[in-house]
Amino acid sequence: MPDDTYTGPINPDPQPGEADVELYGYVPSAVLGVVGVLVFLIVLSINTFRWFKNRKTGTLSFYFFLAFGALLEAAGYGCRIASHNNPYKTDIFIVEFFLVTCAPIAFAASIYLNLTFATKKYPLGRRLLWLNPRWVLIIFIAFDLCTSKSGSESSIPAVIQIAGAGIVGISTSKSLSGESVSVSPQTGNSILEAGLAVQITSFGCFLILLTIAITRIPRLGGIPPVVDLEVKKWATTNCRKLLGITMFSALLILLRTSYRLACQVQGYFGYLNTHEYLFGLLDFTPVAIATLTLSFFPPSKYLFPPPELPEWQVNLEMAPKPEGTATPPTPPSYQESV
């Protein structure tokens, strides 16, 4: 059973909008809050700059999702700074809980996009996957983000997590303030658990797909090569770097999501949720490293060949395309100036 027993200090004189107890289970560190704001403002600045710099590369969605997620994180850690001075304030707690819980959904979208870029930009990149790259976005982003809704179809985990995070934040703060609530914190906790569990399952499936793609990198350019050997070498080398960075970042986001799920399963006032060093180690650190890695090593560094490399042309007679695959596109002529 989840442990929801509060053992911390009590607010001796609760004012309107304040709870009777510390809503975080501790007083949030101002230092961690400041570091969090600075780190995610750096991520936001880098990806906003790259968004304007790389408007012709077809990678704008990658930078948008990273910048949007970083904006949510920066605002969330700003709330933690405010909570340092008053850990009983309910409205600040609700906003912080919502932002920090839901922001990594946007980072996951950037990770999914990296794999689809690889299949579209490299010679015979379609051979990296056994399904159409478009389905990667439809399946995984539709699960994690509200980017596609049609009829009864919706991004279930994102909706569940947002609803659960909102309910947990509001109902916990109200119940701890002695107010009546229509939905209990336990109900919101269960909803949030469901969203996190589905996201972990979805992310696990993506990691399997990504692993398969990495093992198929030698297929780029054909076996035997049907493009210039220099082109094949460039494609396989850069694809390994891109997908390696993607795998590294994905595992860090998975670690953070698993930690969040463990917190909810143990109970809101369980050990995992009431010790800030664990939050810093298993929530802030993985997300910060993942987003900084994606920001400093973006896909545009690896998708576009250098000017001295001959434009690749595939001999289709020598390289029969997989069933249902369109003719490979001509290579992009754009070279990013980083």
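Because the structure is predicted, anything quoted here is derived from the model rather than measured. (Residues numbered from 1 in each chain as written. Predicted model: local features only at pLDDT ≥ 70, side-chain atom pairs only at ≥ 80, totals over all residues. Heavy atoms only, no water.)

1. A word on the pattern of salt bridges
- The tally for this structure, following the rule as stated, stands at four salt bridges.
- The shortest N-O distance in the salt bridge between Arg 80 and Glu 276 comes to 2.9 Å. Within this pair, whereas Arg 80 is found in helix H2 (residues 60-85), its partner Glu 276 is found in helix H9 (residues 276-296), the two being separated by 196 residues in sequence. Each member of the pair, Arg 80 as well as Glu 276, is classed as buried.
- Among the salt bridges present, the one from Arg 260 reaches Asp 283, with a minimum N-O distance of 2.7 Å. (Salt bridge = Lys/Arg side-chain N within 4 Å of Asp/Glu carboxyl O. Helix = DSSP H or I, 4+ residues; strand = E, 2+ residues; numbered from the N terminus. Buried < 20%, exposed > 50% of the residue type's maximum accessible area, 1.4 Å probe, protein only.)

2. Observations concerning empty space enclosed by the protein
- Counted by the stated rule, this structure contains one cavity of 30 Å³ or more.
- In this structure, the largest cavity encloses a volume near 120 Å³.
- Around the largest cavity, the lining residues are Tyr 24, Tyr 26, Arg 80, Phe 93, Glu 96, Phe 97, Tyr 259, Arg 260, Tyr 268, Asn 273 and Phe 279.
- Counting residues per element, the ones that place at least two in the lining of the largest cavity are helix H3 (90-102) and helix H8 (229-266).
- Sorting elements by how many residues they give to the lining of the largest cavity places H3 first, with three residues. (1 Å grid on protein atoms, 1.4 Å probe; cavity = no way out; pocket = protein on both sides within 12 Å on 5 of 7 lines; lining within 4 Å. Points joined across faces, edges and corners; volume = space filled by probe spheres on them.)

3. Considerations on the nonpolar core
- Among the nonpolar cores identified, the biggest contains 75 residues, and Phe 40 and Tyr 122 are the most heavily contacted of them.
- Breaking this core down by element, the ones donating at least two residues are helix H1 (30-53), H2, H3, helix H4 (104-121), helix H5 (133-144), helix H7 (185-215), H8 and H9. (Core = buried A, V, L, I, M, F, W, Y, C linked by side-chain atoms within 4.5 Å.)

4. A look at a nonpolar patch on the surface
- Together, Trp 51, Phe 52, Phe 64 and Phe 68 make up an exposed nonpolar region whose accessible area comes to about 400 Å².
- Considering the arrangement of structural elements, one finds Phe 68 in helix H2. (Patch = residues over 30% accessible without salt bridge, like charges linked within 9 Å, V, L, I, M, F, W, Y side chains within 5 Å. Areas by Shrake-Rupley, 256 points an atom, 1.4 Å probe, with all protein chains shown as cover.)

5. Concerning the side chain of Ser 249
- Inspection of the secondary structure assignment puts Ser 249 in helix H8.
- In this structure Ser 249 comes out as buried when scored by relative accessible area, which is 0%.

6. Re the packing of aromatic side chains
- This structure, assessed with the given rule, holds 15 aromatic pairs.
- Measuring from ring centre to ring centre gives 5.0 Å for Trp 51 and Phe 52, while their planes differ by 85°; the resulting arrangement is edge-to-face.
- Accessibility expressed as a relative area gives 31% for Trp 51, which makes it partly exposed.
- Assessed through its relative accessible area of 48%, Phe 52 is described here as partly exposed.
- With a centroid separation of 5.9 Å and an interplanar angle of 45°, the aromatic rings of Phe 93 and Phe 97 are classed as tilted. (Phe/Tyr/Trp six-rings, centres within 6.5 Å; stacked < 30°, edge-to-face > 60°.)

7. Notes on the environment of Pro 286
- Relative to the helices and strands, Pro 286 resides in helix H9.
- For Pro 286, a relative accessible area of 2% corresponds to the buried category.
- A C-alpha to C-alpha distance of 8.3 Å links Pro 286 and Ser 249, two positions 37 residues apart in sequence.

8. Here we look at the packing of H2 against H9
- Packing of H2 against H9 brings their axes to within 11 Å, and their N-to-C directions diverge by 150°. Our classification of the angle between H2 and H9 gives roughly antiparallel. When the axes of H2 and H9 are compared, the crossing they make is left-handed. Listed contacts from H9 to Phe 62, Leu 66, Glu 73, Tyr 77 and Arg 80 of H2 are Glu 276, Phe 279, Asp 283, Phe 284, Val 287, Thr 291, Leu 294 and Ser 295.
- Class assignment for the residues of the contact of H2 with H9 results in seven nonpolar, two polar and four charged. (Axes fitted to C-alpha atoms, helices over the stretch in contact; angles between N-to-C directions. Parallel < 35°, antiparallel > 145°, perpendicular 65-115°, else oblique. Left-handed = near helix turned anticlockwise from the far one by under 90°. Contact = heavy atoms within 4.5 Å. Nonpolar A, V, L, I, M, F, W, Y, C, P; charged D, E, K, R; others polar.)

9. Some details on the confidence of the model for the protein chain
- On average, residues of the protein chain carry a pLDDT of 78, and 72% of them reach 70 or more.
- Long-range and interchain partners of residues 330-338, a stretch whose pLDDT sits below 50, account for 19 contacts in this model, where long-range means more than four residues apart. (pLDDT = per-residue confidence, 0-100.)

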